[in-house]
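Observations on chain architecture
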Amino acid sequence: MANALGLDVKPVTEYTAEEVERVKNWINSKEYKEKNFARQALVINPAHACQPLGAQLVAHGFEGTLPFVHGSQGCASYYRSTLNRHFREPAPAVSDAMTEDGAVFGGQANLHEGLENAYTLYKPKMIAVFTSCMPEVIGDDLTAFIKNAKNKGIVPADFPILYANTPSFNGTHIHGYDSMLVSILQTLTEGKKIEGRCTGKLNLIPGCDFNTGDYREYKRIFKEFGIAVTVLADISETFDSPCDGTYSVYAGGTKLDEAADSINGKATITLGPYATPKTFSWIKDNYAGEHASLSMPIGIVKTDALLMKVAELFGKEVPAALKAERGRAVDAMTDAQQYMHDKKFAVYGDPDYLTGYVSFLLEMGARPYHILCSRGTKKVEKELQSLLDASAYGKGCKIYMNKDLWHLRSLLLTDPVAAVIGDTHGKFAARDAGIPLFRFGFPVFDRVNLHRSPIIGYQGVINMVTAICNKFLDIKDETCEDRFFEMMR
Amino acid sequence: MTEKIRKVPGITKESTQEMIDKVLAAYPEKARKKRAPHLGPNDPASGKSCVQSNKKTVPGVMSARGCAYAGAKGVVWGPIRDMVHVSHGPVGCGWYSWGTRRNLMSGINGVTQFGMQFTSDFQEKDIVYGGDKKLKTLLAEAHELFPLAKGISVLSECPVGLIGDDINSVAKTVAKELDLPIIPCNCEGFRGVSQSLGHHISNDTIRDYIIETREFTEPETPYDIALIGDYNIGGDVWSAKALLEEIGLNVKSVWTGDGEMEKIAATHKVKLNIIHCYRSMNYMCKVMEEKYGIPWLEFNFFGPTKIKESLRAIGQCFDATIQEKVEAVIARHEPIMQAIIDEYKPRLAGKKVMLLVGGLRPRHTIGAYEDLGMECVGAGYEFAHSDDYDRTAPEMPDATVVYDDPSEYEFEKFAETLKPDLIGSGIKEKYIFQKMGIPFRQMHSWDYSGPYHGYQGFAIFARDVDMAVNSPTWGLVKSPF
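Note that the structure is predicted; figures quoted are calculated from it, not measured.

How each quantity is defined
- Residues numbered from 1 in each chain as written.
- Chains lettered and ligands numbered in written order.
- Predicted model: local features only at pLDDT ≥ 70, side-chain atom pairs only at ≥ 80, totals over all residues.
- Heavy atoms only, no water.
- Helix = DSSP H or I, 4+ residues; strand = E, 2+ residues; numbered from the N terminus.
- Buried < 20%, exposed > 50% of the residue type's maximum accessible area, 1.4 Å probe, protein only.
- Contact = heavy atoms within 4.5 Å.
- Areas by Shrake-Rupley, 256 points an atom, 1.4 Å probe, with all protein chains shown as cover.
- Lys, Arg positive; Asp, Glu negative; His and termini not counted.
- Charge placed at Lys NZ, Arg CZ, Asp CG, Glu CD.
- Buried area = accessible area lost by both parts, 1.4 Å probe.
- Salt bridge = Lys/Arg side-chain N within 4 Å of Asp/Glu carboxyl O.
- Polar contact = N/O pair within 3.5 Å; in protein donor to acceptor, adjacent residues only side chain to side chain.
- Phe/Tyr/Trp six-rings, centres within 6.5 Å; stacked < 30°, edge-to-face > 60°.
- Lys NZ or Arg CZ within 6 Å of the ring centre and 35° of its normal.
- Domains from an automatic or database assignment.
- Nonpolar A, V, L, I, M, F, W, Y, C, P; charged D, E, K, R; others polar.
- Pairing = 2+ DSSP bridges.
- Right-handed = clockwise from strand over helix to strand, strands pointing away.
- Arc of directions from axis to C-beta.
- Axes fitted to C-alpha atoms, helices over the stretch in contact; angles between N-to-C directions.

1. Concerning the overall build of chain B
- Along chain B, the regular secondary structure elements total 19 helices and 15 strands.
- In terms of its C-alpha atoms, chain B occupies a principal-axis envelope of roughly 65 × 60 × 45 Å.
- Counting only residues that meet the buried cut, chain B has 67% of its 481 residues in that class.
- Intrachain contacts of chain B at a sequence separation of at least 6 include 73% that bridge at least 24 residues.
- Taken as a whole, chain B presents about 15,800 Å² of accessible surface, with 53% of it coming from carbon and sulfur.
- Across chain B, the centroid of the 56 positively charged side chains sits 3 Å from that of the 63 negatively charged ones.

Quick look at the structure:
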């Protein structure tokens, strides 16, 4: 029954060169931009993934933890391969491979069989279950399923299995991160709160951060401070493990007993106010000690804020070494400011990254001219606007909430900027606009080692200044007329 | 099955079975029973599969498989360059499969070529109230913003089938309104056991909605063929097509690498279908044979030995003019191929390779490794069927291990025992083996290289295999302290 649509049979056609040229120019036009921004239903090149990806990321940040996708096996393959490509590291996770019959009978049988096999084969210390679309749509009751698994003796009664509902049709990967993190902490800390006990440690929640270099940088900063820190959750070893001839399914992660004891910490700071609101709200109600929610420390001001907060919470001075480091970062900025001053940038990414990029660019005297957030709340928008309002360089800069990278393309083509800050997915728009793309965000599929290069803290400032200014200088050297090609820049 | 049965020193039916039994011992009883029939020592003499296949994945064991949507969007539809492909449902599926297959495309992105990510980005309300209305709106938006798109495919993700949306009816209505082919493909990820059903569903959709809806404008010739099952990974189609044209054939359409919808729609007018990826497209070859009487031929463009055999077999379907050209082309390329072999074989001879790819490449690439003097000590597929394993048996040495949809655990343990010099598989496996110090090439994406098809491809394949196996970086894995 070919031609089920009942359309007329037509000859194979080719477009004329003129017609192609006309459309090629048209998609770069202001008229096209209007039509593009009038879209109501179609999303093109979104800058966000779905919840389970974030859930898997955070699960990898705990010792011996096996991420377990309750749903179709294809979902697990997608999350895993995304993490593989970004980190160029293994990302072991299992699924319970639900199929059509799951839609009829529910997913309990698959979950139970999956738990038995995963527990036996991969010998995890903890299993973190999260859901993809199918069980969310049919409404599987995971509390009951897991309870039944323990009652049936499929896994030992005291074995930690927890779950997070991570529907893909709601929120983005950062929300899955949050749901899984709070679920893990609730499970591990249950009954562990001891009146009067204080570990003396700082609990640090970096947020949904895909840069292993950032995690190592946090640990270094707090070592300088002389403060013991529990990172919740620490993916730095999992996704930056040595190549030494051995492979471990569980290459790193925060120790489970340490995470359990985090409830007795001296203080807890989240650096992902937009990625971990649920977790932080629960922590405030349940964790001992002080609690603070700060921006991701991208740029000088936000790093200062973190160090001052830590100094205050722990009654310590900011160590001289960190003060010197700040001076070096500022030195890098003042030395290089002329290469970025008043340059317009387009930035996009998750909210916690965005507030950081905007803050850093304004500090440099650059202009975060197009700010695009693929999914974000009024609160994010307000915070971004207040950053712009507080700086002379924020004037004329505009925030585009809930827009995608095809919108970004129209912005770049109709109202040009010098560069884009984002991730690999922005490379098509950047190329069409003929400007460089700085891959400070996630995912990075097309460059090596960027996930090892921190963008947080003072070192992050130096790294970003170096990348941006040298790229601008490369472009100048590659494109200037011979008579302007000179030794010094 | 004229191939000589080859042996690998140290590998016997008993040694392979012992290795399998040891791995199976780690499973709980039920899983062990399920997995056992999927692992076996190869029996080339029988010419038959030694394993079961195309069965449900065992829950909880870390399979490499994807889903029906992945097979539809990533494999069959995505490479058709002049259509808009809408991932209909939540944002993730389309996002994960965006630009991650390396099916290269010509044309201008956003103008004549649409290698982008289109999605309806389902929200909670779409699940509750259904997404048909949204679909209707977005189809009109896509047509307005991309006026040169020749058609739109609507690829269903899991929720669409679960909530009872009727994309077929929306497609039919909007296709009439816009006078544009809008192809509904019910390829929800929960259907079937792997990507494979997504291929089949997509083939059926082409049968129902596309083929016969266009006619070629040029006069027919006896040399009109279609290249089926080449997805232009790293430029494979461009290499294969050049070679087919060199022997005098007119490649009227390609399914679906760098593909054009209208030419695919007119394929019922060709004289012969030649198929590279049998697994993903044999369905439509059979349909075209039954319905239009078009014969079809499987061929293999990996490595000079198989290329030569294939060119001759293709030539046999035509007259002497083509056959003469085939011989001339082989004669022209053979010295170049020999020079490549002379360069790399001394460094690769006797090296062992293990393979795990989708549904075709293990059996199709063994010849190319053998051209370089290497031997295959284990092979398997994510989603092959028994006819694929039948075709694999004569390609592999005697008693080497065959694994169907292996868990990561099995693959890892087999590699520990067999100690291959190279593993060819996917991104999820790559870094596991590289941590173990085993050289690895991604054989889905050609590891960001390619093309690997045709004579042109073999030069690149040989270089890539050599640099993977012989990179000095492997010598640094063990620290001296």
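Next comes the rest of the description.
2. What to know about the interface of chain B and chain A
- Contact with chain B, which involves 105 residues of that partner, is made by 96 residues of chain A.
- Carbon and sulfur atoms make up 63% of the area that chain B and chain A hide from each other, which totals about 8,700 Å².
- Looking at the side of chain B facing chain A, the largest losses of area belong to W95(B), Y96(B) and K435(B), adding up to 10% of the total buried there.
- Viewed at the interface, chain A and chain B are joined by nine salt bridges.
- One salt bridge in this structure joins K30(B) and E113(A), with 3.6 Å as the shortest N-O distance.
- At the junction of chain B with chain A, the criterion picks out 39 residue pairs in polar contact (both at pLDDT 80 or more).
- Of the residues forming the side of chain B that touches chain A, the biggest block, seven residues, is contributed by helix α6 (residues 132-145) of chain B.

3. Observations concerning the packing of aromatic side chains
- This model, assessed by the stated rule, comprises 34 aromatic pairs over all chains.
- On the basis of an interplanar angle of 50° and a centroid distance of 6.0 Å, the ring pair of F345(A) and F472(A) is categorised as tilted. Of this pair, F345(A) sits in strand β11 (residues 344-348) while F472(A) sits in helix α19 (residues 457-479), and the two are 127 residues apart along the sequence.
- The class of F472(A) is buried, set by a relative accessible area of 11%.
- An aromatic cluster of three or more residues is present, and its members are Y78(A), Y79(A), F130(A), F210(A), F442(A), Y69(B), W95(B) and Y96(B).
- Positioned above the aromatic ring of F472(A), the side-chain terminus of K343(A) is 5.2 Å from the ring centre.
- We note K252(B) situated over the ring of F216(B); from NZ or CZ to the ring centre the distance is 4.6 Å.

4. Topic: the domain arrangement of chain B
Residues and elements named next belong to chain B.
- We note that the domain assignment places domain 1 (13-62 + 349-448), domain 2 (68-192) and domain 3 (224-331) within chain B.
- Using only C-alpha atoms to locate each centre, domain 1 and domain 3 end up separated by 28 Å.
- Of the residues lining the interface, 19 residues belong to domain 1; the matching set on domain 3 comes to 16 residues.
- Buried surface at the junction of domain 1 and domain 3, summed over both partners, amounts to about 1,400 Å²; 52% is from carbon and sulfur atoms.
- Contact with domain 3 buries area across many residues of domain 1, yet H364, D371 and W446 alone supply 38% of it, more than any other trio.
- Across the pair R279 and D387 runs a salt bridge whose closest N-O atoms are separated by 3.0 Å.
- Inspection of the domain 1/domain 3 interface yields 10 residue pairs in polar contact (both at pLDDT 80 or more).
- Within the residue set of the side of domain 1 that touches domain 3, elements represented by two or more residues are α15 (361-371) and α16 (386-392).
- The dominant element in the side of domain 1 that touches domain 3, judged by the number of residues it contributes, is α15, at seven residues.
- A per-class count over the side of domain 1 that touches domain 3 returns five nonpolar, seven polar and seven charged.

5. Considerations on the environment of G130(B)
Residues and elements named next belong to chain B.
- Position of G130 among the secondary structure elements: in the loop between α5 (124-129) and α6.
- Sequence-wise, G130 and I432 are 302 residues apart; in three dimensions their C-alpha atoms are separated by 41 Å.
- Apart from the residues within four sequence positions on either side, G130 is in contact with K125, I163 and D165.

6. Brief notes about the pairing of strand β2 (residues 83-88) of chain B
Residue and element names in this part refer to chain B.
- Burial runs high along β2: six of the six residues are buried.
- Burial along β2 is two-sided: M83, H85 and S87 and V84, V86 and H88, pointing in opposite directions, are all buried.
- Pairing between β2 and strand β4 (residues 151-156): six bridges, direction parallel. The partner of S87 across the bridge, within β4, is L155.
- For the segment spanning β2, helix α4 (residues 91-96) and strand β3 (residues 118-119), crossover handedness is right-handed.

7. Here's the deal with helix α8 (residues 142-151) of chain A
Residues and elements named next belong to chain A.
- Restricting attention to buried positions, one finds in α8 the residues L142, F145, I146 and A149. The buried residues of α8 occupy an angular sector of 95° when projected down its axis, which confines them to one face. For α8, exposure combined with an orientation more than 90 degrees from the buried face picks out K147 and N151.
- For α8, the N-terminal cap is D141; the gap from its side-chain oxygen to the backbone nitrogen of T143 is 3.3 Å.

8. A short note on the domain arrangement of chain A
All names here are of chain A.
- Parsing chain A into structural domains produces domain 1 (51-189), domain 2 (202-318) and domain 3 (322-482).
- Taken together, the contacts link 31 residues of domain 2 with 32 residues of domain 3.
- Taken together, both faces of the contact between domain 2 and domain 3 bury some 2,700 Å²; the carbon and sulfur share is 60%.
- When the buried area of domain 2 at its contact with domain 3 is split by residue, Y274, I298 and I300 rank highest and sum to 29% of it.
- Remark: the boundary between domain 2 and domain 3 carries three salt bridges.
- Here E325 makes a salt bridge to R220, at a shortest N to O gap of 2.7 Å.
- In this structure, the connection of domain 2 to domain 3 is made through 17 residue pairs in polar contact (both at pLDDT 80 or more).
- Of all the secondary structure elements, the ones that give two or more residues to the side of domain 2 that touches domain 3 are α10 (212-225) and α13 (300-314).
- The element contributing the most residues to the side of domain 2 that touches domain 3 is α10, with nine residues.
- Taken together, the residues of the side of domain 2 that touches domain 3 break down into 16 nonpolar, seven polar and eight charged.

9. Focus: the pairing of strand β14 (residues 419-422) of chain A
All names here are of chain A.
- Alternating positions in β14 separate into two faces, A419 and I421 on one and V420 and G422 on the other, with burial throughout.
- Two elements, β11 and β14, share three bridges in a ladder whose sense is parallel. Paired with A346 across the bridge in β14 is V420.
- Taken together, the three bridges between β14 and strand β15 (residues 437-439) define a ladder with parallel strand orientation. Each bridged residue has a counterpart across the sheet, and for V420 the counterpart in β15 is L437.
- Since β14 and β15 lie parallel, the crossover through helix α18 (residues 427-433) that links them has a hand, and here it is right-handed.

10. Quick word on the pattern of salt bridges
- All chains considered together, the criterion is met by 64 salt bridges over all chains.
- R463(B) is the salt-bridge partner of D464(B), the closest N and O atoms lying 2.9 Å from each other.
- A relative accessible area of 0% places D464(B) in the buried class.
- A relative accessible area of 38% means that R463(B) is categorised as partly exposed.
- Salt bridges linked by common partners bring E89(A), R216(A), E237(A), D240(A), R452(A) and K435(B) together as one network.

11. Some points on unusual backbone geometry
Residues and elements named next belong to chain A.
- A cis geometry characterises the amide bond from L232 onward to A233, with omega recorded as 5°.
- Locating A233 in the fold gives a position in the loop between β8 (229-231) and α11 (256-261).
- Note the cis peptide between F442 and P443, where omega equals 0°.
- With respect to the helices and strands, the residue P443 is situated in the loop between β15 and α19.

12. Some points on α15(B)
Residue and element names in this part refer to chain B.
- Within α15, 10 of the 11 residues are buried, leaving the element largely enclosed by the surrounding structure.
- All buried positions along α15 are accounted for by R361, P362, R363, H364, T365, I366, G367, A368, Y369 and D371.
- Count one or two residues on from α15 and you reach G373, which has phi positive near 85°.

13. A word on the sheet that holds strand β13 (residues 401-404) of chain B
All names here are of chain B.
- The six strands are arranged β1-β13-β12-β11-β14-β15 in an open sheet whose pairing can be described as mixed. Only two strands of the sheet have a single partner each, and these edge strands are β1 (39-41) and β15 (440-442). On average, each strand axis in the sheet is inclined to that of its neighbour by 15°, with strand direction left out of account.
- In this structure, strand β12 (residues 375-381) lies alongside β13, joined through four bridges in parallel fashion. From the neighbouring strand, Y381 faces β13, where its bridge partner is D404.
- Across the sheet, α15 touches β11 (352-357), β12 and β14 (422-425), and the angle it forms with β11 is around 155°.

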